[in-house]
Amino acid sequence: MLLRLGGWSLLESAQTFLGGYGVAAALDRGFLAGQPLVGLGWLAVAAAAVVAGGAATHRVFHRLADLVEPLRDGLVRRVVGSALSSAVAGRGGRTGHAALSRLTHQTEAARDGFAGLVMVTRSFVFTTAGVVVGLATLAPALLLVVLPPLAAGLVLFIAALRPMAARQQDFLRTDEELAARIGSDVAGLRDIVACGAEARAADAAGELIDAQTRAARALARWAAVRTLALGLAGQAPVVLLLAAAPWLRARGVTAGELLGALTYLTQALLPALNTLMTGLGTAGTRLLVILDRLTGPDEPPEPGSSTAPAVRAVEQDAAAGAVEQNAAAPAPDPDPAPDPGPRSRGAVTAPAGPRPRTPGPRQPAPQQGTPTEPGAAAPSLELRSLSFSYGPGATPVIDGLDLLVEPGEHLAVVGPSGIGKSTLFGLVAGLLEPDRGTLLIGGAPVHRPDRDPSAARRALIPQEAYVFGGSLRDNLLYLCPGGAPTPDVEAAVRAVGLDGVVRGLGGLDARIDPAALSQGERQLVALARAYVAPARLVLLDEATCHLDPAAEARAERAFADRPGTLLVIAHRLSSARRADRVLVLDGVSATAGRHEELLERSPTYRDLVGQWHPQAG
């Protein structure tokens, strides 16, 4: 196969030889000798060589397919084998999308890139051979002028290849990191705003933009070296040939031979050099990157594993807000779905204290230096005529709601889907601003987390838990800017039932891939994170919906025994029965009471209880 490719390429190089030699012979033996027909004949020979070279190039492409397609088939087999191995090992969720991309875009790009490199390298080698043989045939003295700058330019280009490839890889890496960071920030925009981390997120993105700019400038500098090498190897011989023309003429080089040499340089060597340096300098580096991904480790890189320190600082700064919001779903609150019924909620829910509990030791709360001082009392929650709607002309989702939650109370919130439960939690967390009314936590008004010095007193855990690439310990301390002792972290892990996951991952300092965790495991990480946090008001917005009933009961009991006030959006009957009180939202009124009381007083609650299946509760 390679011999056939070389054979057709050799025929193609004959075109290069005859192109310059034919021009020289046409001038010396024809036009300057007074025989124009002879000159035209030599030009016809050069033209016929061009036609023959085109036919050879056509055959080269056929032979090229025999060389390139086996490479593509081998890459496809490797990708398929890797994907199957990952699926058998239980990593299909992590590698499925990567395997699809590798089978389609990346393998095709590798095939095209390899074919292009073979073509430009082959063309340069045989073109240069034709030029050298042609110059030696015309006049060996021509080689003394042409070869030194050609060799110097090639040496400079080859020396620049490795650093140029490194700069190309740096540019691609920073470009990917910037794209990943922007995508992460857009997906977690609500989380960033909720935590008051806009400035730090902008700084982190700015640092990546600066890094990409530096990489682009470094790449541009090496591209300038490539241009210099091209000028030295391809254009300097032309200038030297013209400058040395009197010297060459004195040594018997004819005008036709000089013109033939110029034809070799300008019509054959310079285009081949330009194509070679462009192909190896850009396409070659990209091919190396793609081949490295296709033939490298099967495991995809951990998201954020190469993130700059400033990017990780955003996550630490966001922790100071102590409000966890759904980073994977930046869409508005799912609760305000269209509701054909009225939303008048003027009924007042009477305050009630927490139900007496069985005496026993409570889990010690972690001690961190945050706005919530160690050992601070659980805050009360008070809503006075609170109203909120998603737009000036929209029907209120929360309308005139009065509610008092005592310090240390465990309140479950229930209601039909879309009734406003998550909206209520968003208001309490400070993510939404009420249209009317007052909302107080511990007697202080609630503001947006980035403008509220007491934001660390509350933590909202959404249904879709936010887990980022990094160590498990980093994830668990996300809401603890001052850190936490290892015993406190381990206590939180045991309390919510995350200990099995920790053992499976390899300990608290093991690096985790969020995509490798199930939804339930991510929820356990988020619950343990809130448990170890200094917040004394915890809002669980269906934060246990992906856990089985036993795991959900363990997590809720852990938070109920933890110092602080707990609000839970219940999606199982057992969650409501475990609470001190239940708040029922039905779109017309709001009613609060204990489970047994509401079964008698609230038709909506009776309907909800009837819809809960025993195995789910």
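Engineer: An account of the overall build of the protein chain is needed here, citing residue identities and associated values.
Structural biologist: Assigned secondary structure in the protein chain consists of 18 helices and 12 strands. Approximately 27,100 Å² of the protein chain is accessible, and the part contributed by carbon and sulfur atoms is 61%.

Engineer: Explain the sheet that holds strand S10 (residues 565-569) to me, using residue names and the numbers behind them.
Structural biologist: Spatially, 6 strands are ordered S6-S9-S10-S3-S11-S12 in an open sheet, and the strand pairing comes out mixed. Either end of the sheet is taken by a strand with one partner, and the two such strands are strand S6 (458-461) and strand S12 (590-593). The mean inter-strand angle of the sheet, taken between neighbouring strand axes irrespective of direction, is 15°. In this structure, strand S3 (residues 410-414) lies alongside S10, joined through 4 bridges in parallel fashion. Directly across from histidine 410, in S10, lies its bridge partner leucine 566. Running at roughly 155° to S10, helix H15 (residues 549-561) makes contact with S3, strand S9 (537-540) and S10 of the sheet.

Engineer: Describe the side chain of threonine 604, and please don't skip the residues or the numbers.
Structural biologist: Examined against the element boundaries, threonine 604 turns out to sit in helix H18 (residues 603-611). Non-local contacts of threonine 604, meaning those with residues more than four positions away in its chain, are made with Pro416, Val584 and Asp586.

Engineer: Which residues make up the packing of helix H12 (residues 486-496) against H15, and what values do they have?
Structural biologist: The interhelical angle for the contact between H12 and H15, taken along N-to-C directions, is 130°, at an axis separation of 7 Å. The orientation of H12 relative to H15 falls into the category oblique. Along its contact with H12, which presents Arg494, Ala495 and Val496, the element H15 presents Arg554, Ala555, Ala558 and Phe559. When the residues that make up the contact of H12 with H15 are grouped by side-chain class, the tally is 5 nonpolar, no polar and 2 charged.

Engineer: Which residues make up the sheet that holds strand S2 (residues 398-405), and what values go with them?
Structural biologist: As a general point, the strands of a sheet are linked pairwise by backbone hydrogen bonds and lie either parallel or antiparallel. Taken together, 4 strands build an open sheet; the order of strands is S2-S1-S4-S5 and the sheet is antiparallel. Lying at the two open borders of the sheet, with one neighbouring strand each, are S2 and strand S5 (444-445). In this structure, strand S4 (residues 436-441) lies alongside S5, joined through 2 bridges in antiparallel fashion. Looking at S5, one finds that isoleucine 441 is bridged to alanine 444.

Engineer: If you had to explain H15 to someone new, which residues and values would you point to?
Structural biologist: For H15, which comprises 13 residues, the first-to-last C-alpha distance of 18 Å matches the rise-based estimate of 18 Å (1.5 Å per residue) to within 8%. Along H15, the residues that are buried comprise Glu552, Ala553, Ala555, Glu556, Ala558, Phe559 and Ala560. Where H15 begins, one side-chain oxygen reaches toward the backbone nitrogen of alanine 550, 3.1 Å away; that side chain belongs to aspartate 548.

Engineer: Tell me about the packing of H12 against helix H14 (residues 519-532), and please be specific about residues and values.
Structural biologist: For the pair H12 and H14, interaxial distance at closest approach is 9 Å and the crossing angle is 130°. Viewed along their axes, H12 and H14 adopt a mutual orientation that is oblique. As H12 packs across H14, the resulting crossing turns out to be right-handed. Of the residues in H14, those touching H12 at Asp488, Val489, Ala492, Ala495 and Val496 are Leu524, Leu527, Ala528, Tyr531 and Val532. When grouped by side-chain class, the residues that make up the contact of H12 with H14 number 9 nonpolar, no polar and 1 charged.

Engineer: Pulling in residues and values, what's your account of H14?
Structural biologist: Under the 1.5 Å per step criterion, the end-to-end length of H14 is 20 Å for 14 residues, consistent within 8% with the ideal 20 Å. For H14, the complete set of buried residues consists of Gly520, Arg522, Gln523, Leu524, Val525, Ala526, Leu527, Ala528, Arg529, Ala530, Tyr531 and Val532. Buried residues along H14 sit in contact with S6, helix H11 (472-476), H12, helix H13 (499-505), S9 and H15.

Engineer: Which residues make up the pairing of S3, and what values do they have?
Structural biologist: Taken across its 5 residues, S3 has 5 buried, putting it largely inside the fold. With 4 bridges connecting them, S3 and strand S11 (residues 581-585) associate as parallel partners. Looking at the pairing, valine 414 lines up with valine 584 of S11.

Engineer: Tell me about the packing of aromatic side chains, residues and numbers included.
Structural biologist: Overall, the coordinates contain 7 aromatic pairs when judged by the stated rule. Aromatic side chains tyrosine 21 and tryptophan 42 sit 5.8 Å apart centroid to centroid with 70° between the ring planes, which places their arrangement in the edge-to-face category. In this pair, tyrosine 21 is assigned in helix H1 (residues 2-31) and tryptophan 42 in helix H2 (residues 36-88), connecting sequence segments 21 residues apart. Measuring from ring centre to ring centre gives 6.0 Å for tyrosine 466 and phenylalanine 468, while their planes differ by 50°; the resulting arrangement is tilted. Just as tyrosine 466 is buried, phenylalanine 468 falls in that class too. Of note, arginine 562 hangs over the ring of tyrosine 531, and the distance from its end group to the ring centre comes to 5.7 Å.

Engineer: How would you summarise the nonpolar core if you had to cite specific residues and measurements?
Structural biologist: Counting residues in each nonpolar core, the largest one holds 36 residues, and the members touching the most others are Leu476, Leu498, Leu527, Leu540 and Phe559. Listing elements by their share of this core, those giving two or more residues are H11, H12, H13, H14, S9, H15 and S10. Broken down by element, the residue count for this core peaks at 8 residues, all from H14. Discounting chain neighbours no more than four positions away, the residues touching leucine 527 are Val496, Leu540, Ala543, Thr544, Leu547, Ala555 and Phe559. Phe124, Leu150, Met164 and Ala244 belong to the second-largest nonpolar core, a separate cluster that totals 35 residues.

Engineer: Outline the pattern of salt bridges, listing residues and values.
Structural biologist: Taken as a whole, this structure holds 7 salt bridges when the rule is applied. Between arginine 601 and glutamate 597 there is a salt bridge, with the nearest N and O atoms lying 3.8 Å from each other. With arginine 601 and glutamate 597 both in helix H17 (residues 595-601) and 4 residues apart, this pair spans about one turn of that helix. Here the salt bridges do not stand alone but share partners, grouping Glu552, Glu556 and Arg578 into one network.

Engineer: Now, about unusual backbone geometry: what can you tell me, with residues and values included?
Structural biologist: The phi angle at serine 385 is positive, at roughly 50°, despite the residue not being glycine. The phi torsion at glutamate 542 lies on the positive side, around 50°, for a residue other than glycine. Of note, glutamate 542 is situated in the loop between S9 and H15. For glutamate 542, a relative accessible area of 21% corresponds to the partly exposed category.

Engineer: Explain the environment of proline 407 to me, using residue names and the numbers behind them.
Structural biologist: Mapped onto the fold, proline 407 is located in the loop between S2 and S3. On the basis of relative accessible area, proline 407 is assigned to the partly exposed category, the value being 41%. Sequence separation of proline 407 and isoleucine 441 is 34 residues, and the distance between their C-alpha atoms is 9.8 Å.

Engineer: For the environment of phenylalanine 17, give the residues involved together with the corresponding values.
Structural biologist: For phenylalanine 17, the location among the structural elements is in helix H1. Sequence spacing of phenylalanine 17 and valine 133 is 116 residues, and the spatial spacing of their C-alpha atoms is 7.1 Å. Excluding its chain neighbours within four sequence positions, the residues that come into contact with phenylalanine 17 are Gly130, Val133, Gly134, Thr137 and Tyr264.

Engineer: Give me a nonpolar patch on the surface: which residues, what numbers.
Structural biologist: The grouping of Phe31, Leu37, Leu40 and Leu43 at the surface amounts to a nonpolar patch, some 400 Å² of accessible area in total. For the nonpolar patch, the element with the highest residue contribution is H2, accounting for 3 residues.

Conventions adopted
- Residues numbered from 1 in each chain as written.
- Predicted model: local features only at pLDDT ≥ 70, side-chain atom pairs only at ≥ 80, totals over all residues.
- Heavy atoms only, no water.
- Helix = DSSP H or I, 4+ residues; strand = E, 2+ residues; numbered from the N terminus.
- Areas by Shrake-Rupley, 256 points an atom, 1.4 Å probe, with all protein chains shown as cover.
- Pairing = 2+ DSSP bridges.
- Axes fitted to C-alpha atoms, helices over the stretch in contact; angles between N-to-C directions.
- Contact = heavy atoms within 4.5 Å.
- Parallel < 35°, antiparallel > 145°, perpendicular 65-115°, else oblique.
- Nonpolar A, V, L, I, M, F, W, Y, C, P; charged D, E, K, R; others polar.
- Expected span 1.5 Å × (residues − 1).
- Buried < 20%, exposed > 50% of the residue type's maximum accessible area, 1.4 Å probe, protein only.
- Polar contact = N/O pair within 3.5 Å; in protein donor to acceptor, adjacent residues only side chain to side chain.
- Left-handed = near helix turned anticlockwise from the far one by under 90°.
- Phe/Tyr/Trp six-rings, centres within 6.5 Å; stacked < 30°, edge-to-face > 60°.
- Lys NZ or Arg CZ within 6 Å of the ring centre and 35° of its normal.
- Core = buried A, V, L, I, M, F, W, Y, C linked by side-chain atoms within 4.5 Å.
- Salt bridge = Lys/Arg side-chain N within 4 Å of Asp/Glu carboxyl O.
- Patch = residues over 30% accessible without salt bridge, like charges linked within 9 Å, V, L, I, M, F, W, Y side chains within 5 Å.

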